[in-house]
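Results of the structural survey
The lines below spell out each chain.
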Amino acid sequence: MSDFPKFNCKNADDVLKAVKDYDVSFIQFWFVDVLGVLKSFQVTPSELEGAFEEGMGFDGSSIEGFCRIQESDMIAFPDPTTFQLVAWRPTEKPVARMFCDIKTPDGFPYEGDSRYILKRMTEKAAEKGYAFYVGPELEFFLFPNERETTLLDRGGYFDAPPLDLGNDVRRDIIFALNKMGIVVEYSHHEVAPSQHEIDLRYQEAVKMADTAVTYRVIVKEAARKHGCYATFMPKPLFGLNGSGMHVHQSLFKNGKNVFFDPKGEYNLSEECRHYIAGLLKHAPEITAICNQWVNSYKRLVPGYEAPVYIAWARRNRSTLVRVPMYKPGKEAATRIELRSPDPACNPYLAFAVMLAAGLKGIEEKYELSAPVEEDIFEMNEAERAKYGIKSLPGSLNEAIEAMEKSEVVKEALGEHIFNKFIENKKMEWDVYRTQVTEYEIKKYLPLL
C-alpha cells in the first residue's frame, strides 16, 4: 500500500469490500457526547455486517448528556459514507473509522445524539430549498505536554522559520488530513507564540462537523508523534490571543449561492442580510453553545481580536460578523463569517444553532443594521451606545441565562440536549465559582 487509499463508500457493501481488500484489522465507531467529546469503540471485521443491519448496543448512561441508568440501552449504527482508514495508524493491517448515528432500541433517532440534531436542522433548511455550507478555522496551541504552557516558539502571525517552529507538525497534520480525504486550503502560524491555524475547504454542515472532530484528533496525534501536545483550549495563556473557530457560512439553492446578489448592496442578497440579522439578534442566546467552557470567556474580552461586540462589517475584524469582500467571478464564495465560536465547542450543536438563528432571521425578515467599519475596540461605552452595539455574555453563567430564555435554541437542540447541556454547564459554573485561585491568594492574602 504505497498510496494511502481514499474511499467514497455509498453503502454497507462498499465498506465490507474495502475492509476485505485492504485487510482492515479494526473499525472504530465514532460519536460524540453532548459536549462534543469524541467517544469510540472498536469492532472486528467479522462483526461489521451485523453492525450495519442491527447496530451495536452500548450503555448510554455512561455518556455525558445521554440518558439515565434505567433507560441506558443505545444502539450505534455506522454511517458507511464516513468510512476512511485512520491516517495516524500503520498501513499494514490498518484501522478504519466510521461516524455513527445513535438510535433507541425501538429504532428511533436518539434525541441526545448531536449528529442527529444537526441533521434535523439541515433537513429543516432543505425543506426551504437550502443547503448549508460551513468552513471553520480551528486554531490551536502547541505546548511541551498537557501540564504546562511553556512556549515552543516566539512566532507571530504568518511568521516563517526560524520564528515558526511548528512547520513540521502542521505539515504532518495536513498530510494526514489529505489522506483521509479532507481538503486543506492553507495553514500558517497564528498571532500568539506557539499558536497555529489550518483552514479547511468549506463543505456541507454535517460532513464538516464530522471533519472538525476528525481534525481535532489528527492535530493531537500529529503533535504527540512530534513529542509535544496540541490543545484547543480557548485561552491557555494570560495576556496573549486565545484560539477561535471563525465559521464561514453560506446557503445554496439549486447549486447557486443564495447570499450573492449582483444588484444588492455590497452584492449581498436580501436573504443574506436577514440571515446576518438573525445571527446578530440571537447571538447572546447561541453563545453558550459556541463558547461552552468557563475558559471560553477569558478569550471573549476586548483587546485580543476576539469579537465581543454584536455588530457586522466587511473589513472590520472587531465585529462579531464579517462579510469578506466580493471578488468578481467568485459568486460561489460569497459568505459571512461568525467570529465568536471557539474550537473547543461541539461542532454539531454549534453549526445547528448558527443555522437556526440565520433561518429565523430569514423567516421573520429581520432588518439588518448598518455595517460598523470603525474599530469598536477603540470606542467608549457612549460611542457604542450611539451605534446601538451590545455585547456578548461576559461569562458562562450569563451565557447560560441567555440560552435558557431562547426558544430558537430550544427548538434547534430539542428539549433533551437543551436541558442536559444547561444542567452540565450550571454544574461547571458552580465548581468554578467556588474555586480559590492563585491570583486571589497573591492579591488578597498579603492585603487582608
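Because the structure is predicted, anything quoted here is derived from the model rather than measured.

Side note on the nonpolar core
Core analysis: the biggest nonpolar cluster contains 134 residues, and Phe83, Leu251, Ile276, Phe351 and Leu413 have the highest contact counts within it. Among the elements that take part in this core, helix 8 (residues 347-364) stands out by supplying 12 residues, more than any other. Beyond its immediate chain neighbours, meaning those up to four positions away, Phe83 contacts Phe7, Cys9, Val15, Ala18, Val19, Val24, Ala96, Arg97 and Met98.

Details of the pattern of salt bridges
This model, assessed by the stated rule, comprises 22 salt bridges. Between Arg171 and Asp172 there is a salt bridge whose closest N-O contact spans 3.8 Å. Classification of Arg171 as partly exposed rests on a relative accessible area of 47%. Exposure remark for Asp172: the relative accessible area of 29% places this residue in the partly exposed category. Note that Lys360 and Glu364 form a salt bridge whose closest N and O atoms lie 3.7 Å from each other. With Lys360 and Glu364 both in helix 8 and 4 residues apart, the pair spans about one turn of that helix. The class for Lys360 is partly exposed, based on a relative accessible area of 26%.

Observations concerning the pairing of strand 1 (residues 26-32)
Along a regular strand, successive side chains alternate from one face of the sheet to the other. For strand 1, the buried fraction is high: 6 of the 7 residues fall into the buried class. As paired strands, strand 1 and strand 6 (residues 95-103) are joined by 5 bridges and run parallel to one another. Paired with Ile27 across the two strands is Ala96, which belongs to strand 6. The sheet contact formed by strand 1 and strand 2 (residues 38-43) spans 6 bridges and is antiparallel. Within strand 2, the residue paired with Val32 across the bridge is Leu38. A loop of 5 residues connects strand 1 with strand 2, the two strands running antiparallel in sequence, and Gly36 in this loop sits at a positive phi of about 85°.

Details of the layout of surface pockets
Empty space within the second largest pocket amounts to approximately 440 Å³. The wall of the second largest pocket is formed by 21 residues, among which Thr81, Thr82, Gln84, Gln203 and Lys207 lie closest to the centre. Among the secondary structure elements, those contributing two or more residues to the lining of the second largest pocket are strand 6, strand 10 (203-204) and helix 5 (205-225). Top element by residues in the lining of the second largest pocket is helix 5. It accounts for 5 residues. Looking at the lining of the second largest pocket, its residues break down into 6 nonpolar, 8 polar and 7 charged.

Side note on a negative patch on the surface
Negative charge collects at one region of the surface, where Asp13, Glu49, Glu53 and Glu54 lie side by side. For the negative patch, the element with the most residues is helix 2 (residues 45-54), which contributes 3 residues. Looking at the element boundaries, Glu53 is found in helix 2.

Observations concerning the packing of aromatic side chains
Tallying each qualifying case throughout the model produces 17 aromatic pairs. Three or more aromatic residues link up through ring pairs in this structure, and these residues are Phe29, Phe31, Phe41 and Phe58. One Lys or Arg, Lys103, reaches over the ring of Phe77 and ends 5.1 Å from the middle of that ring. Positioned above the aromatic ring of Trp293, the side-chain terminus of Lys425 is 3.8 Å from the ring centre.

What to know about helix 8
Under the 1.5 Å per step criterion, the end-to-end length of helix 8 is 26 Å for 18 residues, consistent within 8% with the ideal 26 Å. Extensive coverage of helix 8 is indicated by the burial of 15 of its 18 residues. Its side-chain oxygen 3.1 Å from the backbone nitrogen of Tyr348, Asn346 forms the N-cap of helix 8.

Here's the deal with the side chain of Ser318
The residue Ser318 is located in the loop between strand 14 (309-313) and strand 15 (319-322) in this model. Reaching out from Ser318, the side chain makes a polar contact with the backbone nitrogen of Ile376 at a distance of 3.1 Å. When residues no more than four places from it in sequence are discounted, the contact partners of Ser318 are Pro307, Glu374, Asp375, Ile376 and Phe377.

Quick look at empty space enclosed by the protein
One pass over the structure, following the stated rule, counts 1 cavity of 30 Å³ or more. The set of elements that each furnish at least two residues to the lining of the largest cavity consists of strand 1 and strand 6. The greatest single-element share of the lining of the largest cavity, amounting to 3 residues, is contributed by strand 1. Classifying every residue of the lining of the largest cavity by side-chain character gives 6 nonpolar, no polar and 2 charged.

Some remarks on the pairing of strand 7 (residues 131-143)
Counting buried residues in strand 7 gives 11 out of 13 residues, a clear majority hidden from the surface. Summarising the sheet, strand 7 and strand 12 (residues 245-253) pair through 8 bridges and their orientation is antiparallel. Note that in strand 12 the partner of Val134 across the bridge is Gln249. Relative to strand 10, strand 7 is paired through 2 bridges, and the arrangement is antiparallel. Residue pairing across strands places Val134 opposite Gln203, the latter belonging to strand 10. Alignment of strand 7 against strand 9 (residues 195-200), held across 5 bridges, turns out to be antiparallel. Bridging across to strand 9, Leu138 finds its partner in Ile198. As judged from the 3 bridges shared by strand 7 and strand 11 (residues 229-231), these two strands associate in the antiparallel manner.

Some details on the confidence of the model for the chain
Averaged over every residue, the pLDDT of the chain is 91; the share at 70 or more is 96%. Ranking the helices and strands of the chain by mean pLDDT puts helix 8 first, with 98, and strand 3 (residues 56-59) last, with 84.

With respect to a nonpolar patch on the surface
A grouping of Tyr439, Tyr444, Leu447 and Leu448 is seen on the molecular surface, where their side chains present a nonpolar patch of about 520 Å² in accessible area. Classification of Tyr444 by relative accessible area gives partly exposed; the value is 36%.

Criteria and cut-off values
- What you see as residue numbers is a count from 1 along each chain, following the sequence as written.
- In keeping with the model being predicted, local features are shown solely for residues with a pLDDT of at least 70 and side-chain atom pairs are shown and tallied solely at 80 or more, while totals for entire chains, interfaces and linings include all residues.
- Side-chain numbers come from the whole structure's heavy atoms, not from hydrogens or water.
- Definition used in this section: a nonpolar core is a set of buried Ala, Val, Leu, Ile, Met, Phe, Trp, Tyr and Cys residues joined via side-chain atoms within 4.5 Å.
- The classification of residues rests on relative accessible area computed with a 1.4 Å probe and restricted to protein chains. Under 20% of the type maximum is buried, over 50% is exposed, and intermediate values are partly exposed.
- A helix here means a DSSP run of H or I that spans at least four residues, while a strand means a run of E at least two residues long, and both kinds are numbered starting from the N terminus.
- Throughout, a contact is declared for two residues whenever any of their heavy atoms are within 4.5 Å.
- Salt-bridge detection follows one rule: a side-chain nitrogen of Lys or Arg within 4 Å of a carboxyl oxygen of Asp or Glu.
- Here, any two strands with at least 2 DSSP bridges between them count as paired.
- In the cavity and pocket records, a cavity denotes points on a 1 Å grid over the protein atoms alone where a 1.4 Å probe fits but cannot get out, a pocket denotes an open set with protein on both sides within 12 Å along at least 5 of 7 lines, and lining residues are residues with an atom within 4 Å of a point.
- Grid points are joined across faces, edges and corners, and a volume is the space filled by probe spheres set on the points.
- Only Asp, Glu, Lys and Arg are considered charged, only Ala, Val, Leu, Ile, Met, Phe, Trp, Tyr, Cys and Pro nonpolar, and every remaining residue, Gly among them, polar.
- Exposure above 30% relative accessible area and no salt bridge define the residues that can form patches, which grow by joining like charges within 9 Å and nonpolar side chains of Val, Leu, Ile, Met, Phe, Trp and Tyr within 5 Å.
- Here the accessible surface of atoms and residues is derived via Shrake-Rupley with a 1.4 Å probe, and residues count as covered only by protein chains that are part of the display.
- Counted as positive: Lys and Arg. Counted as negative: Asp and Glu, with His and the chain ends omitted from the count.
- The location of each charge is read from NZ of Lys, CZ of Arg, CG of Asp or CD of Glu.
- Pairs were defined over the aromatic rings of Phe, Tyr and Trp, the Trp ring being its six-membered one, requiring ring centres within 6.5 Å. Orientation was assigned from the angle between planes: stacked under 30 degrees, edge-to-face over 60, tilted for the rest.
- Two thresholds decide whether a charge sits over a ring: the Lys NZ or Arg CZ must be within 6 Å of the ring centre and within 35 degrees of the ring normal.
- Here, expected helix span is obtained from the residue count minus one, scaled by 1.5 Å.
- Definition of a polar contact: a pair of N or O atoms within 3.5 Å, with one able to donate and the other able to accept a hydrogen when the atoms are protein atoms, and with sequence-neighbouring residues admitted only if both atoms are side-chain atoms.
- The pLDDT value expresses, per residue, how confident the predictor is, ranging between 0 and 100.

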